[in-house]
Amino acid sequence: MNFQLSEEHLMIQQAARDFANTELKPGVIDRDEHQKFPTEQIKKLGELGFLGMMVDPKYGGAGMDTISYVLVMEELSKIDASTSVVVSANNSLVCFGLEKYGSEAQKEKYLTPLATGEKLGAFALSEPEAGSDATSQHTTAEDMGDHYLLNGTKNWITNGSSASIYLVIAQTDVSKGSHGINVLIVERGMDGFTIGPKENKLGIRGSDTHSLMFNDVKVPKENRIAEDGFGFKFAMETLEGGRIGIAAQALGIASGAFELATNYSKERKTFGKPICQHQAIAFKLADMATEIEAARLLVLNAAWLKDQDLPYDKASSMAKLFASEVAMRTTVEAVQVHGGYGFVKEYHVERLMRDAKITQIYEGTSEIQKIVISRSILK
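None of the values given here were measured: they were computed from a predicted structure.

**Things to note about the pairing of strand 2 (residues 140–143)**
- Relative to strand 3 (residues 147–158), strand 2 is paired through four bridges, and the arrangement is antiparallel. Each bridged residue has a counterpart across the sheet, and for Asp143 the counterpart in strand 3 is Tyr148.
- Hairpin geometry of strand 2 and strand 3 is characterised by an intervening segment of three residues between the two adjacent antiparallel strands and by a positive phi of about 100 degrees at Gly145.

**Considering the environment of Gln336**
- Within the fold, Gln336 resides in helix 9 (residues 313–338).
- A relative accessible area of 54% means that Gln336 is categorised as exposed.
- Note: C-alpha distance between Gln336 and Lys284 (52 residues apart in sequence) is 9.7 Å.

**With respect to the packing of aromatic side chains**
- What the rule picks out here adds up to seven aromatic pairs.
- Members of the aromatic cluster, connected to one another through ring pairs, are Tyr101, Phe230 and Phe234.
- Over the ring of Tyr148 we find Lys221; its NZ or CZ atom is 5.3 Å from the centre of that ring.

**A closer look at helix 1 (residues 7–24)**
- Here helix 1 spans 25 Å end to end across 18 residues, near enough to the 26 Å set by a 1.5 Å rise per residue.
- The secondary structure elements touched by the buried residues of helix 1 are helix 2 (28–34), helix 3 (39–47), helix 4 (66–79) and helix 5 (81–101).

Criteria and cut-off values
- Residues numbered from 1 in each chain as written.
- Predicted model: local features only at pLDDT ≥ 70, side-chain atom pairs only at ≥ 80, totals over all residues.
- Heavy atoms only, no water.
- Pairing = 2+ DSSP bridges.
- Helix = DSSP H or I, 4+ residues; strand = E, 2+ residues; numbered from the N terminus.
- Buried < 20%, exposed > 50% of the residue type's maximum accessible area, 1.4 Å probe, protein only.
- Phe/Tyr/Trp six-rings, centres within 6.5 Å; stacked < 30°, edge-to-face > 60°.
- Lys NZ or Arg CZ within 6 Å of the ring centre and 35° of its normal.
- Expected span 1.5 Å × (residues − 1).
- Contact = heavy atoms within 4.5 Å.

Shape descriptors only; they carry no functional weight alone.
Rendered as structure tokens:
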């Protein structure tokens, strides 16, 4: 296997790094403090082609591969995970499924504005009693002939209030179990569709996370993606790809914290020398660097498998599981390296530590990833 990034990959990586440092870093603490959505930054990311990275150019996308996507996700996440999760949701959870399974009419109407960044998308699966268990949908889509009547509530929806296009997973026929679930394209502003208050979160506070409520929302039949009963498979495939994005986000959070800790350890002096020269700190940095590199290889492997059209469900779960745990451990240690300054917002590491926690939860908790991995091993 060739571990060397291509010249194109390096250029994309550098472009994302430059954007993160020039456009995201200046206001990141304020956005976190006041839960401000990065509206202007997202608009510019759309102009760069980062909101439809893997979408075919004929639908307004950038036509890049998954490796390019994870490189961008890592660089953005080093600075601002609230922005990177918006990019992740639009690319992995919305554009991917629409392009792979949507009709030509659906692609022209919905995929193109999503890929260009003209509009944002959201993926609505989680419910109060159905998070990772996609078969336990309480949101219903009653077949009314030429339309579905959508009722229910979705929780923890990224891009909840900033999106214009929502992919909603709903149960149409309970008797059919997982084969009675559909995925519907719902537009913002449809009668009966309301958005709940923004969640006040521990981390990724700049992203907008909301509940969605549907009360007799009429969704045209042509807004159903693929055949009747395809919703469960759609959700599972979407989450597989989504885990690669979240793994890359976790990797970026860890990398960002490591870079901050390393730089600080070279500047801070105790007992007449930089603290990086004390073995206790040097060993911390060595452990952090080793785990981050291992996580990076897992993430790139999952991305490569996806690009080769090979099975990647186990690989994406492994990458997400390990990278999220590395993000948590690394950010905690980065705060420790900074000492008292690690508790101060202007040093950034406390925010990265708060952001890291969510990577162990969304797209399926660490325990869920272990179930996926063990099933694949024992299959």
